[in-house]
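As a plain string of letters, each chain reads:
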Amino acid sequence: MDLSIELSGIKLINPVIAASGTFGYGEEFERFADLRRIGGICVKGTSARPIEGNLPPRLLPTASGMLNSIGLETIGVDAFIRDKMPFLRNTGCAVFVNVFGFNEDEYAEVIDKLNTCDGIAAYELNISCPNTKHGGIVFGQSPRLTEQLTKMLKARARRPLIVKLSPNVTDIAELARAAEEGGADAITVANTYLAMAIDTDTFKPRIHTITGGLSGPAIRPITLRMVYQCVSAVKIPVIGLGGITKAEDAVEYFLAGASAVQVGTATFYDPRALLYVLEGLENFLRKRGLSSIHQLVGQMKK
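Residues numbered from 1 in each chain as written. Predicted model: local features only at pLDDT ≥ 70, side-chain atom pairs only at ≥ 80, totals over all residues. Heavy atoms only, no water.

Novice: Got a sec to walk through the sheet that holds strand β12 (residues 211-215)? Specific residues and values, please.
Specialist: Read across the open sheet, the 4 strands follow the order β5-β6-β12-β11; overall the sheet is antiparallel. A single partner strand is all that each edge strand has here, and the edge strands are β5 (59-62) and β11 (193-196). With strand direction ignored, the average angle separating the axes of adjacent strands in the sheet is 35°. Of the strand pairs in this sheet, β11 and β12 are connected by 4 bridges, and their pairing is antiparallel. Paired with Y193 across the two strands is L214, which belongs to β12. (Pairing = 2+ DSSP bridges. Helix = DSSP H or I, 4+ residues; strand = E, 2+ residues; numbered from the N terminus. Axes fitted to C-alpha atoms, helices over the stretch in contact; angles between N-to-C directions.)

Right, dumping it as structure tokens:
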């Protein structure tokens, strides 16, 4: 059985990747799961300088998922290279570095520094940040800014560039095309959905920042639709992310055309979630007499 894939020139032993922000830097999960068995780790968002993040409460379980407002807490690129990459180089799986900034210069600074660091397979751009030089408009909500930022960073990057799209837009396919036009090697669909919750006893918001990002099984049907739309709109690979807790969830994304998947919120309640998804995929293929994950991709019947 062959679960290996090639994603924008990157060879992965399987298409199951740990999503950014939910798997730390991998070392936090080492005692629970054999990291050599997963396709890759997308580490916590990395910025030019350290960020403390938001005040608590900033995590809230929901009926079918989780609401979070961590606030892009990060140790910064210098500490990441110095303190985290030595461990990540020896995990045995591909390392994807999620990159963010609040203006073009900050993104460029992070990419330039990461270019000199060994052991990284690709960069994943988080474009769900407000552009402080352009009136606070979110990069990922503007096709023009998405294309411009992607183009500028693609020219600097010495590794494949994956753009992580925000679902908080009217037409995600338009943003996918903008990323492709900018030179993106692949796209991740998608980030969390803007949401909120209120405590009916205290009448106060349950999250300190009032709103946060919704993730988990509740968002899967919506994100699946977005993955399908993006696959239909672009020629570059699409990575599906949103609400995957078992193999059948991942299979839906593959059938919709995703080339790989990321598992995120599920690891909060089960640190071995990625391995369960992977083992389930192997069983799924075996039961149906399939020998390769490629036999599922884009095979939804209409």
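Still more to cover.
Novice: Outline the packing of helix α5 (residues 220-233) against helix α6 (residues 247-255), supporting the account with residue identities and numerical values.
Specialist: Put simply, α5 and α6 touch, their axes get as near as 9 Å, and they point 25° apart. It follows from the interaxial angle that α5 and α6 lie roughly parallel. Across from R220, T223, L224 and V227 in α5, the residues of α6 making contact are D249, E252 and Y253. Split by residue class, the contact of α5 with α6 holds 3 nonpolar, 1 polar and 3 charged. (Parallel < 35°, antiparallel > 145°, perpendicular 65-115°, else oblique. Contact = heavy atoms within 4.5 Å. Nonpolar A, V, L, I, M, F, W, Y, C, P; charged D, E, K, R; others polar.)

Novice: Account for the packing of α6 against helix α8 (residues 273-287), naming residues and giving values.
Specialist: Where α6 contacts α8, the axes come no closer than 8 Å and their chain directions differ by 70°. Our classification of the angle between α6 and α8 gives roughly perpendicular. With respect to the hand of their crossing, α6 and α8 are arranged in right-handed fashion. Of the residues in α8, those touching α6 at A247, A250, V251 and F254 are V277, G280, L281 and F284. The residue makeup of the contact of α6 with α8, split by class, is 7 nonpolar, 1 polar and no charged. (Left-handed = near helix turned anticlockwise from the far one by under 90°.)

Novice: Help me get a handle on the pairing of β5, residues and values and all.
Specialist: Alignment of β5 against strand β6 (residues 65-68), held across 4 bridges, turns out to be antiparallel. Directly across from T62, in β6, lies its bridge partner G65.

Novice: Can you break down the sheet that holds strand β3 (residues 16-18) residue by residue, with the values?
Specialist: If you trace the 8 strands once around the closed barrel, you get β3-β4-β7-β8-β9-β10-β13-β14, paired in parallel fashion. Averaged over all neighbouring strand pairs, the angle between strand axes comes to 25°, with direction disregarded. Bridge count for strand β4 (residues 40-46) against strand β7 (residues 94-99) is 5 bridges, and the pairing is parallel. Counted as the bridge partner of G40 is A94 from β7.

Novice: An account of helix α1 (residues 77-88) is needed here, citing residue identities and associated values.
Specialist: An ideal rise of 1.5 Å per residue puts 16 Å on 12 residues; α1 reaches only 14 Å between its terminal C-alpha atoms. In the core, the buried residues of α1 are packed alongside β4, β7 and α2 (104-114). (Expected span 1.5 Å × (residues − 1).)

Novice: Report on the nonpolar core, specifying residues and quantitative values.
Specialist: Ranked by size, the top nonpolar core spans 100 residues in total, and within it Y107, L165, I187 and V189 carry the most contacts. In terms of residue count, α8 provides more of this core than any other element does, 8 residues in total. In this view, Y107 contacts V99, F100, G101, L125, N126, I127, C129, F139, L149 and L153; residues no more than four positions away in its chain are not counted. (Core = buried A, V, L, I, M, F, W, Y, C linked by side-chain atoms within 4.5 Å. Buried < 20%, exposed > 50% of the residue type's maximum accessible area, 1.4 Å probe, protein only.)

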